[in-house]
Amino acid sequence: MSRRRIGFWYRLAAVIAKPPLIVLFKRDWHGMEHIPADGGFITAVNHNSYLDPLSYAHFQYNTGRVPRFLAKAGLFKPFFVGTMLRGTGQIPVFRETTDAANAFRAAVAAINSGECVAFYPEGTLTRDPDMWPMVSKTGVARVALLTKAPVIPVAQWGANEAVPPYAKSKRVRLLPRKTLRVLAGEPVDLTAFYGQDPTPDVLRAVTETIMLAVTALLAEVRQEPAPAGLYDPRKAREGA
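Let me begin by describing the structure that accompanies this report. Source: prediction; values computed, not measured.

Some words on the sheet that holds strand β5 (residues 116-119)
1) Next: Read from one edge to the other, the open sheet built from 7 strands follows the order β1-β7-β6-β2-β5-β3-β4, with strand pairing classed as mixed. What marks the edges here is a single partner per strand, and that holds for β1 (25-30) and β4 (91-93). Neighbour to neighbour, the strand axes of the sheet diverge by 25° on average, direction disregarded.
2) Next: As judged from the 3 bridges shared by strand β3 (residues 67-72) and β4, these two strands associate in the parallel manner. Paired with Lys72 across the two strands is Val93, which belongs to β4.
3) Next: Contacting β1, β3 and β7 (178-184), helix α1 (residues 7-24) runs over the sheet at an angle of about 110° to β1.
4) Next: This element, helix α7 (residues 200-222), spans β2 (41-45), β6 (151-157) and β7 of the sheet and lies at about 35° to β6.

Some details on the pattern of salt bridges
1) Next: Enumeration according to the criterion identifies 4 salt bridges in this entry.
2) Next: Here Glu224 ties to Arg222 by a salt bridge, and the two come within 3.3 Å at their closest N and O atoms.
3) Next: The partly exposed category is assigned to Glu224, whose relative accessible area is 36%.

A short note on helix α3 (residues 79-87)
1) Next: Those residues of α3 not exposed but buried are Gly82, Met84 and Leu85. Here the buried residues of α3 occupy an arc of 165° about the axis, which is enough to place them on one side. Among the exposed residues of α3, those pointing more than 90 degrees away from its buried face are Phe79 and Phe80.
2) Next: Elements in contact with the buried residues of α3: α1.
3) Next: Just downstream of α3 lies Gly89, where phi reads positive at about 80°.

Cut-off values and rules
Residues numbered from 1 in each chain as written. Predicted model: local features only at pLDDT ≥ 70, side-chain atom pairs only at ≥ 80, totals over all residues. Heavy atoms only, no water. Pairing = 2+ DSSP bridges. Helix = DSSP H or I, 4+ residues; strand = E, 2+ residues; numbered from the N terminus. Axes fitted to C-alpha atoms, helices over the stretch in contact; angles between N-to-C directions. Contact = heavy atoms within 4.5 Å. Salt bridge = Lys/Arg side-chain N within 4 Å of Asp/Glu carboxyl O. Buried < 20%, exposed > 50% of the residue type's maximum accessible area, 1.4 Å probe, protein only. Arc of directions from axis to C-beta.

Here it is in structure tokens:
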């Protein structure tokens, strides 16, 4: 199997989600040519709004290659949402449990069977005060080294202007009409890490390499220089 078919559930999700996205938002999409036409691959995407998964899924759906996201297991509990997530092949993540590794095994299996798995390596909405990517979890590195599949960095911006992260007010800001910007880049070159033991240092180095590529794309989208390094919330807390 060289690629996943879109299937009934993904088409149904598109029928439900695309019309409001098209009506409520403008789009500025670039880099679709970097999404592989066949074979398994990984996308690594920055995360700065609760709207991000819908915004990014819309972009990639239009390439003909649907993503499978790693999603918190709790999202699968509501009947309708859980049915849609399971039907579209999303992968539950049981955080802080012995089942957490199952998500990575499922991701590896999906990629090896020709599918795309989309990672938000930060694991949550960025804590960076200026909404640049932050130091991330190493799950994407583990899967990348196990599969040696292409890792496509993706930057997105604009959803945060409509649904700001961690905003005290829960009000959605739809007007004036916002632009959802997505930029996919060339695969990250990780060949220097292939064959190395996946030690914590190696996994951190791979993750940083991926996230710096995402950050560079985001700087292009935002048309402003990125900070010198990735924001580390732990160090920020220690320095407070």
